[in-house]
Amino acid sequence: MSVSTPVACAPVTYLLHLADNALILGQRNAEWCGHGPIIEEDLSMANNALDLIGQARLLYQYAAQRIGNGATEDSLAYFRDVPDFRNYTLLELPHSAPLAATARGDRDYATTIVRNFLYSALMVLLWERLSTSTDEQLAAIAARSLKEVQYHLRHSRDWLVRFGDGTDESQARAQAALDHMLPYTEEFWTDSAAEREAVATGVGVEVATLRADWDMLVANTLAVATLQRPAASNGYVSQGKQGVHSEHLGFVLAEMQSLARAHPGASW
Amino acid sequence: MHPVAAPTPHADIWAALDALTDPEIPVISLREMGILREVREGADGVTEVVITPTYSGCPAMSQIEDDVRTVLAGLGVPARVVTQLAPAWTTDWMSDPAREKLRAYGIAPPQCAAPDRPGNVTAVLRFVTRPVSEANVPCPHCGSSETTEISHFGSTACKAQYRCLACLEPFDYFKPY
């Protein structure tokens with residue numbers, strides 16, 4: 001694959017932030033493969049994960065080319081550790097109610113759907129803006145990713161409405177998932193050094209400018225779904241995109257990276 | 001000394017590449033899919049075959065690249081495959097004959113190009129009614145426009161699952177991208 005280096009270049013840490021988001025959520029959603037609540041949703045999550053991991057690959061390939069020094073998409077995905085990852089904390093959480101450390105809970109599809117909705121609603125806005133980035137390679141990746149995330153938003157939004165405006169059980173679980181996950185979206189709006197640098201060099205998007213549209217999208221959907229937005233709190237704002245993660249990311253990486261680390265350079 | 005062999009004309013390369021079909025949809029060629037974009041001469045004089053990937057995670061893409069390389073090697077042409085992301089692949093590049101082949105194969109061809117935009121997600125899929133924003137997808141078997149979406153996602157990244165309410169057959173719908 002030959003890629004020419006564009007004139008304007010996004011900071012590598014900014015590319016890794018976008019790539020890590022896609023990879024970690026893709027890895028999480030892939031956990032449903034073979035375990036979906038119904039076969040159509042099993043296929044949906046497999047497709048969703050495939051799209052996200054595909055987006056991550058394009059971003060890692062571009063980042064690796066920029067880093068040089070023998071970096072590859074695989075070295076970036078499999079041979080970096082927890083503090084190197086720049087994904088939102090929201091995306092590494094298990095598909096279950098709040099859990100500490102090694103505790104295990106049943107996977108809850110309402111949690112999956114709520115997270116996919118909150119993230120897709122952001123990425124539809126972000127990819128659209130990045131599709132006109134002055135970094136041509138990033139813009140090309142964004143234009144493709146936008147088409148895919150529009151389907152992810154549609155899928156998660158429809159299911160969120162079904163759950164919220166569904167049975168007492170589905171309503172309660174969707175509301176609990178929303179109460180659990182929405183506070184983590186505060187991280188979307190606090191900018192990181194990488195985001196500030198991307199804005200300063202003209203290739204990135206100031207995240208705060210997306211907030212009004214995102215809020216409206218969320219409010220409209222929750223209204224149709226008869227769900228309540230939890231009251232804003234002044235609690236801790238997660239900092240995954242700055243490399244400060246929850247205890248859950250280590251377990252995700254352990255599973256995802258173990259094969260590549262046990263057999264470095266293996267191919268099939 | 002033998003003269004250097006004349007480079008294979010691009011038309012010959014195209015003719016050979018035209019035999020390549022989509023690994024998942026063997027009735028359509030890569031050219032008809034809009035994946036094979038261009039055969040050109042690179043800056044260093046080496047022939048380049050330009051392909052544009054479909055879905056970011058489509059597993060068929062590496063197979064497609066391998067297939068193109070095999071054909072080029074069979075021609076004995078020193079050539080490389082160039083993956084081009086922009087402009088992004090779109091189902092609008094699919095030719096009309098290709099759409100008809102899809103339909104005859106049992107897959108409803110893609111309709112309008114763009115799915116819901118962020119500002120236009122008011123239509124919600126309920127259990128039976130068709131969302132108003134969704135294009136009418138005629139059944140590839142009986143032609144009825146009385147069809148309903150079963151699931152947004154199907155057997156491959158590019159398809160959704162539909163069912164015909166007239167002939168009751170389920171079918172794949174190639175989603176607009």
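Trainee: Please clarify how the nonpolar core should be interpreted in this entry.
Mentor: Soluble, globular proteins show a tendency: their nonpolar side chains are buried together. One finds Tyr14, Leu18, Tyr60, Trp127, Leu130 and Trp214 of chain A to be the most contacted residues of the largest nonpolar core, which totals 77 residues. Excluding its chain neighbours within four sequence positions, the residues that come into contact with Trp127 of chain A are Leu18, Gln55, Leu59, Ala142, Ser145, Leu146 and Val149 of chain A. Counting 33 residues, the second largest nonpolar core, distinct from the first, contains Leu17, Tyr55, Leu102 and Cys158 of chain B.

Trainee: What exactly am I supposed to notice about the packing of aromatic side chains here?
Mentor: Geometrically, a pair of aromatic rings is defined through the distance of the ring centres and the angle of the planes. All told, the structure shown has 11 aromatic pairs over all chains when counted by the stated rule. For the ring pair Trp32 of chain A and Tyr109 of chain A, a centre distance of 5.0 Å and an interplane angle of 80° mean the geometry is edge-to-face. Of the two residues, Trp32 of chain A sits in the loop between helix H1 (12-30) and helix H2 (39-67) while Tyr109 of chain A sits in helix H4 (residues 109-130), which places them 77 residues apart along the sequence. Across the pair, exposure class does not vary: Trp32 of chain A and Tyr109 of chain A are buried alike. Three or more aromatic residues joined by ring pairs make a cluster, and in this case those are Tyr88, Phe188, Trp189 and Trp214 of chain A. A cation over an aromatic ring shows up here: Arg31 of chain B above the ring of Trp14 of chain B, its NZ or CZ 3.9 Å from the ring centre. Between the NZ or CZ atom of Arg37 of chain B and the centre of the ring of Trp93 of chain B, over which it lies, the distance is 3.6 Å.

Trainee: Would you explain the packing of helix H1 (residues 10-17) of chain B against helix H3 (residues 60-75) of chain B in this entry?
Mentor: In helix packing, the relevant descriptors are the interaxial angle and the interaxial distance, both defined with respect to the helix axes. All names here are of chain B. Packing of H1 against H3 brings their axes to within 10 Å, and their N-to-C directions diverge by 130°. Between H1 and H3, the angle is such that the two are oblique. In the packing of H1 onto H3, the handedness of the crossing is right-handed. Of the residues in H3, those touching H1 at Ile13, Ala16 and Leu17 are Val68, Val71, Leu72 and Leu75.

Trainee: Mind showing me how you'd approach H4 of chain A here?
Mentor: Structurally, the α-helix is built with 3.6 residues per turn, so residues lying three or four positions apart point the same way. Between its first and last C-alpha, H4 of chain A extends 30 Å over 22 residues, near the 32 Å set by a 1.5 Å rise per residue. Counting buried residues in H4 of chain A gives 20 out of 22 residues, a clear majority hidden from the surface.

Trainee: What am I meant to see in the environment of Ser151 of chain B here?
Mentor: Relative to the elements of secondary structure, Ser151 of chain B occurs in strand E5 (residues 147-151). For Ser151 of chain B and Asp172 of chain B, which are 21 residues apart along the polypeptide, the C-alpha to C-alpha distance reads 10.0 Å. In this view, Ser151 of chain B contacts Glu40, Glu41 and Ser44 of chain A together with Ala160 and Gln161 of chain B; residues no more than four positions away in its chain are not counted. There is a polar contact of 3.1 Å between the side chain of Ser151 of chain B and the backbone oxygen of Phe153 of chain B.

Trainee: Even after reading the chapter, I still don't get unusual backbone geometry, so can you show me in this structure?
Mentor: As a rule of thumb, non-glycine residues mostly have phi less than zero, and peptide bonds are mostly trans rather than cis. The omega torsion across Ala86 of chain B and Pro87 of chain B is -5°, close enough to zero to call that bond cis. Looking at where Pro87 of chain B falls in the secondary structure, it is placed in the loop between strand E3 (79-83) and helix H4 (96-105). Phi is positive for Thr226 of chain A, close to 55°, though the residue is something other than glycine. By the secondary structure assignment, Thr226 of chain A is in the loop between helix H9 (211-225) and helix H10 (248-262). Take Thr226 of chain A: its relative accessible area is 38%, and that puts it in the partly exposed class. Its identity as a non-glycine residue notwithstanding, Leu168 of chain B has a phi of 70°, on the positive side. Among the secondary structure elements, Leu168 of chain B is positioned in the loop between strand E6 (159-164) and strand E7 (170-174).

Trainee: Any chance you could explain H4 of chain B here in plain terms?
Mentor: Residues and elements named next belong to chain B. Looking only at H4, the buried set comprises Ala98, Arg99 and Leu102. Taken down its axis, H4 places every buried residue within 100° of arc, on the same side. Among the exposed residues of H4, those oriented more than 90 degrees off its buried face are Asp96, Pro97 and Ala104. Contacts from the buried residues of H4 go to helix H2 (30-33), strand E4 (107-108) and E7.

How each quantity is defined
Residues numbered from 1 in each chain as written. Chains lettered and ligands numbered in written order. Predicted model: local features only at pLDDT ≥ 70, side-chain atom pairs only at ≥ 80, totals over all residues. Heavy atoms only, no water. Core = buried A, V, L, I, M, F, W, Y, C linked by side-chain atoms within 4.5 Å. Buried < 20%, exposed > 50% of the residue type's maximum accessible area, 1.4 Å probe, protein only. Contact = heavy atoms within 4.5 Å. Phe/Tyr/Trp six-rings, centres within 6.5 Å; stacked < 30°, edge-to-face > 60°. Helix = DSSP H or I, 4+ residues; strand = E, 2+ residues; numbered from the N terminus. Lys NZ or Arg CZ within 6 Å of the ring centre and 35° of its normal. Axes fitted to C-alpha atoms, helices over the stretch in contact; angles between N-to-C directions. Parallel < 35°, antiparallel > 145°, perpendicular 65-115°, else oblique. Left-handed = near helix turned anticlockwise from the far one by under 90°. Expected span 1.5 Å × (residues − 1). Polar contact = N/O pair within 3.5 Å; in protein donor to acceptor, adjacent residues only side chain to side chain. Arc of directions from axis to C-beta.

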